[in-house]
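Fold and contact review
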Amino acid sequence: MLKANYDWKVRSDQLTDQDQETIAQLKEAVELPELMVNLLYQRGFQDEAAIHDFLDEEPVIHDPFLLSDMDRAVARLMAAIEAGEAILVYGDYDADGITAATILVESLENMGANVHSYLPDRFVDGYGPNTEVYDYYIKQGIQVILTCDNGVKGHEAIAHAQAQGVDVIVTDHHEIGASLPEAYAIVHPRHPDQAYPFDDLSGAGVALKLVQALTGDLPVDLLDLCAIGTVADLVSLTDENRSLVKLGIQELKQTQRLAFIRLFEKLEINPSTIDEETIGFKIAPRLNALGRLSDANLGLKLLMSFDPDEVDQLLQEMEAINVERRGLVDQIEKEARSQIDQRDDLDDILICWQEDWHEGVLGIVASRLVERYQRPCLVLSHKTDQDVYKGSGRSIEGVNLFDLLSQVEDLMQAFGGHAMAAGLTIAGENFASWQSQLQALGQTIHETVQKPAPLVLDGRIQPESISLTSLDALERLKPFGTDNPKPSFLLEAGPLNRIQQIGRDKQTLKLALEKAPDLALIGFCMGDLARQLAPGNHLEAAVELNINEWQGKRSPQALLIDLRVDEASVIDLRQARAREEVFAVEEAFYLFQDPKYLAAYRDQIPGSSRAILVDELDQDQGLSYQQAVLFDCPLDLEGVRRFVQGQGIKNLYLFAYSPKQVYLNGLPQREDFERYYRYLLGHPQLPLKGQTAVLASYLKLAEGQLILMTDILEEAGLVAWKGETLHILPVQGKVDLKAYLIKYEQLLNSEQVLLYNDIGSITSYFFAPEPASAP
């Protein structure tokens, strides 16, 4: 059995008979595949006109002068350009801020403006308007400050600039507080005094609208930058944003911007295949890395450069920073997971910290930990020189992180955020109390945390129904993102045909199905699950669908989000590379044949699990675990089978350690014992350690058999080791070795079943109903 990580909710299961009838009628009217019509209907496009409007190629572009203060902002900027006044574009350090600043600086330069730019340092200047930075540039002669992707909460710095006679024009899209700053103009799609037809533009989107208003035309050559900022900032991909991103992707496919041309070459990106995922996973992370670890101004310089040598140098710097970012994320995640996994129990709110973890990547690490542990996570860096803890937190659906932190706000120097994410700073003297109080609040979310997080799927699908035709139709729903998510489905996959671990680190899972052997199921970072699956397992999977293009061939592909197998399974740990893999199973019976192994490893077993000797399996265990770990090869294999079935075990983890290797060596015969024992009688003190191969060759025995006979003679009290010398012991009467041979015959049979059969056969042995025989 393989449990799903999420609680799957299939949206199409809620459709009524009337809904289904309407969908069937729409399918005929719009002449689209049923799969696509079903998706559109569930997303609110429930009549012919709505569907045509959504799929219409005519872009939705609103009048920029419907934005608040746009006429005022345009008039002031035009006056500044005509008078040659110095204008400062003040942006932000993320991908949206970098692209927004590039749009404004490039456009103003083309209009002949005396324009300067500054993107703040995350760690020195902080987010948004900074009084000291403003003051510096004012002293340098700046007469107009134009913000992008920030400013709506910069009351102090903006008031300071305005008091110095410098006009501040704010272009922003972030949440507006209780009051607005006293700026010369505030261009914002959610301004309380003016309703814009679409209120979720990105910072780059607002910048583009300002340029549209300044020039009188939609700046087509800047749509590539707008698309990057829009996708990177996770704003709604509906209405005008949908059009801006679609148009921007078309520009990226035929870009003349040198930075993108060179970047696509270096990353081996075929421009014709560029889509929102190219932006989200290839372009945006590299721009974001600059602001996380270095200087975001490098990004602005890169995007505006026409010098091939400079572009190549800046791309090299950006790639090095991105590699560093990935390395830091991986290292900090590993260290944080080590902290968490060493704890006896998982707290409902996970808090990890370490001295001098890099602040710039802690949000990414927190997101990864949330994905793994399915509970809110806070990751903090202890700045020992200041004795403060600074970091980021991420949450799960149903747990408002902002509300939780608000309850301990008096113990923090600063914090901000929203339901799903937060940034915070705690003084060292308050840290222990803050941590204790916050984790106590975990009791209020305990029930939510214990439940699997919900995963909403659009519908159910059969593997044989997945075709290039249906997937090509789904392409028309792009670009996918916030409010227009990539479709996901419950794939009723059926029996597994093939299971592989692929990729350089074997961390990618690749599955094939009996129903559709040509359909590849790919699970990134799921390679370890291969051990929990076996051919013939009946699989259900939560998937996204896409088209795999390789060497000119196109084929349907399903990307795994989650998967489950309801039937009992054997998980193969026989090739486990690290001891931690064996001793990581929570709430499980650990079964030991040899008492010395139980004594040696008892302390390494998780606190929620219990160690049992195989000889004591018939005793009442008083527990109802559904998992068991078979550590070594049991003599009573059938007794283990009865225990597994009687306890209702669903997952049997098979390590089956057996240093004797009796099956490979074979049991010695009576005449072999006689020949060996006669030799020992003639050599009562034999220096045998390290010389077994030589003696085995002399006696015409396999070395493994000689070692096994030595063990049997030792157990029977006929010989004993003293250091490296084997001593023969005096005996009275006849010693019968039959009982010892029976034991090793049982071990041989156990090794044969557990070590030299495939997992499918072993699964059938343990979980098939009576009667059963060993494979």
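Everything numeric in this text was worked out from a predicted model, so none of it was measured.

Time to look at the overall build of the protein. For the protein, the count of helices and strands is 28 helices and 26 strands. With the C-alpha coordinates of the protein rotated into their principal frame, the extents come out at 120 × 70 × 55 Å. Here the protein holds 775 residues, and the buried ones make up 51% of them. Of the contacts formed within the protein by residues at least 6 apart in sequence, a portion of 66% connects residues at least 24 apart. As presented, the protein carries roughly 36100 Å² of accessible surface, and 47% of it is formed by carbon and sulfur atoms.

The next subject is the environment of phenylalanine 65. Residue position: phenylalanine 65 is located in the loop between helix 3 (48–55) and helix 4 (70–83). Among the residues examined, phenylalanine 65 registers a relative accessible area of 40% and is labelled partly exposed. Those residues in contact with phenylalanine 65, other than ones at most four positions away along the chain, are Met70, Asp71, Val74, Gln194 and Ala213.

The next point concerns the side chain of glutamine 705. When you line up the elements, glutamine 705 lands in helix 26 (residues 703–715). A residue is classified by how much of its surface remains accessible, and glutamine 705, at 13% relative accessible area, is buried.

Take unusual backbone geometry next. Note the cis peptide between lysine 478 and proline 479, where omega equals 5°. Structurally, proline 479 can be placed in the loop between helix 19 (468–474) and strand 14 (488–502). The phi dihedral of aspartate 149 is positive, around 65°, even though this residue is not glycine. Mapped onto the elements, aspartate 149 comes out in the loop between strand 4 (144–147) and helix 7 (155–163).

Attention shifts here to the sheet that holds strand 4. Taken in spatial order, the five strands of this open sheet run 3-2-4-5-6, and their pairing is parallel. The outermost strands of the open sheet, each flanked by one partner alone, are strand 3 (114–118) and strand 6 (185–187). Within the sheet, the average angular offset between the axes of one strand and its neighbour, ignoring direction, is 20°. Two strands pair when backbone bridges link them, and strand 2 (residues 86–90) and strand 3 are joined in this way by five bridges, in the parallel orientation. Within strand 3, the position partnered with tyrosine 90 by the bridge is tyrosine 118. Of the strands in this sheet, strand 4 and strand 5 (167–171) are in contact with helix 7, which crosses strand 5 at around 145°.

Inside soluble globular proteins, nonpolar side chains tend to come together where they are buried. If you look at the biggest cluster of nonpolar residues, it comprises 113 residues, and the most contacted ones within it are Trp434 and Leu438. When residues of this core are assigned to their parent elements, the largest contribution, nine residues, is made by helix 14 (residues 308–341). When residues are assigned to domains, this core turns out to be shared by domain 2 (64–318) and domain 3 (343–432), each giving three or more. The residues contacting leucine 438, other than those within four sequence positions of it, are Ile349, Ile351, Leu378, Leu404, Leu405 and Val408.

Turning to the UniProt feature "domain: DHHA1" (unreviewed entry) in the protein, a few remarks are in order. The UniProt feature table records "domain: DHHA1" (unreviewed entry) at residues 350–448. Here residues 350–448 runs as 35% helix and 31% strand, with 14 Å between its end C-alpha atoms.

Side chains of strand 4 alternate between two faces, with Val144 and Leu146 and Ile145 and Thr147 buried alike. Relative to strand 4, strand 2 runs parallel, the two sharing four bridges. Across the sheet, residue valine 89 finds its bridge partner in strand 4, namely leucine 146. In this fold, strand 4 hands off to helix 7, which returns the chain to strand 5; that crossover is right-handed.

What follows deals with the packing of aromatic side chains. By the definition in use, this model includes 25 aromatic pairs. These aromatic residues form a ring-pair network of at least three members: Phe583, Tyr590, Phe592, Tyr597, Tyr601, Phe631, Phe655 and Tyr657. Directly above the ring of tyrosine 597 sits lysine 596, whose terminal nitrogen or CZ lies 4.8 Å from the centroid.

Further remarks concern helix 17 (residues 428–441). Three- or four-residue spacings in an α-helix give side chains the same orientation, since the helix completes a turn every 3.6 residues. End to end, helix 17 covers 20 Å across 14 residues, agreeing with the expected 20 Å (1.5 Å per residue, within 8%). Of all bends in helix 17, the biggest is about 25°, found at tryptophan 434. Phe431, Trp434, Gln435, Leu438 and Leu441 are the residues of helix 17 that are buried. The secondary structure elements touched by the buried residues of helix 17 are strand 7 (350–355), strand 8 (377–383), strand 9 (388–394), helix 16 (401–406) and strand 11 (421–427).

Take the UniProt feature "domain: DDH" (unreviewed entry) in the protein next. When the UniProt feature table is mapped onto this chain numbering, "domain: DDH" (unreviewed entry) sits at residues 87–230. Secondary structure content for residues 87–230 is 38% helix and 15% strand, and the end C-alpha separation is 25 Å.

Moving on, we come to the packing of helix 11 (residues 258–266) against helix 14. Running from amino to carboxyl end, helix 11 crosses helix 14 at an angle of 55°, the nearest separation of the two axes being 10 Å. Of the possible angle classes, the one that applies to helix 11 and helix 14 is oblique. Between helix 11 and helix 14 lies a crossing whose hand is right-handed. Contacts from Leu258, Ala259, Arg262, Leu263 and Lys266 of helix 11 reach helix 14 at Pro308, Val311, Asp312, Leu315 and Met318. For the contact of helix 11 with helix 14, a count of residues per class yields seven nonpolar, no polar and three charged.

Rules and cut-offs
Residues numbered from 1 in each chain as written. Predicted model: local features only at pLDDT ≥ 70, side-chain atom pairs only at ≥ 80, totals over all residues. Heavy atoms only, no water. Helix = DSSP H or I, 4+ residues; strand = E, 2+ residues; numbered from the N terminus. Buried < 20%, exposed > 50% of the residue type's maximum accessible area, 1.4 Å probe, protein only. Contact = heavy atoms within 4.5 Å. Areas by Shrake-Rupley, 256 points an atom, 1.4 Å probe, with all protein chains shown as cover. Pairing = 2+ DSSP bridges. Axes fitted to C-alpha atoms, helices over the stretch in contact; angles between N-to-C directions. Core = buried A, V, L, I, M, F, W, Y, C linked by side-chain atoms within 4.5 Å. Domains from an automatic or database assignment. UniProt positions renumbered as here; feature names shortened; annotations may be inferred. Right-handed = clockwise from strand over helix to strand, strands pointing away. Phe/Tyr/Trp six-rings, centres within 6.5 Å; stacked < 30°, edge-to-face > 60°. Lys NZ or Arg CZ within 6 Å of the ring centre and 35° of its normal. Expected span 1.5 Å × (residues − 1). Bend = angle between axes of the 7 residues up to and from the residue. Parallel < 35°, antiparallel > 145°, perpendicular 65-115°, else oblique. Left-handed = near helix turned anticlockwise from the far one by under 90°. Nonpolar A, V, L, I, M, F, W, Y, C, P; charged D, E, K, R; others polar.

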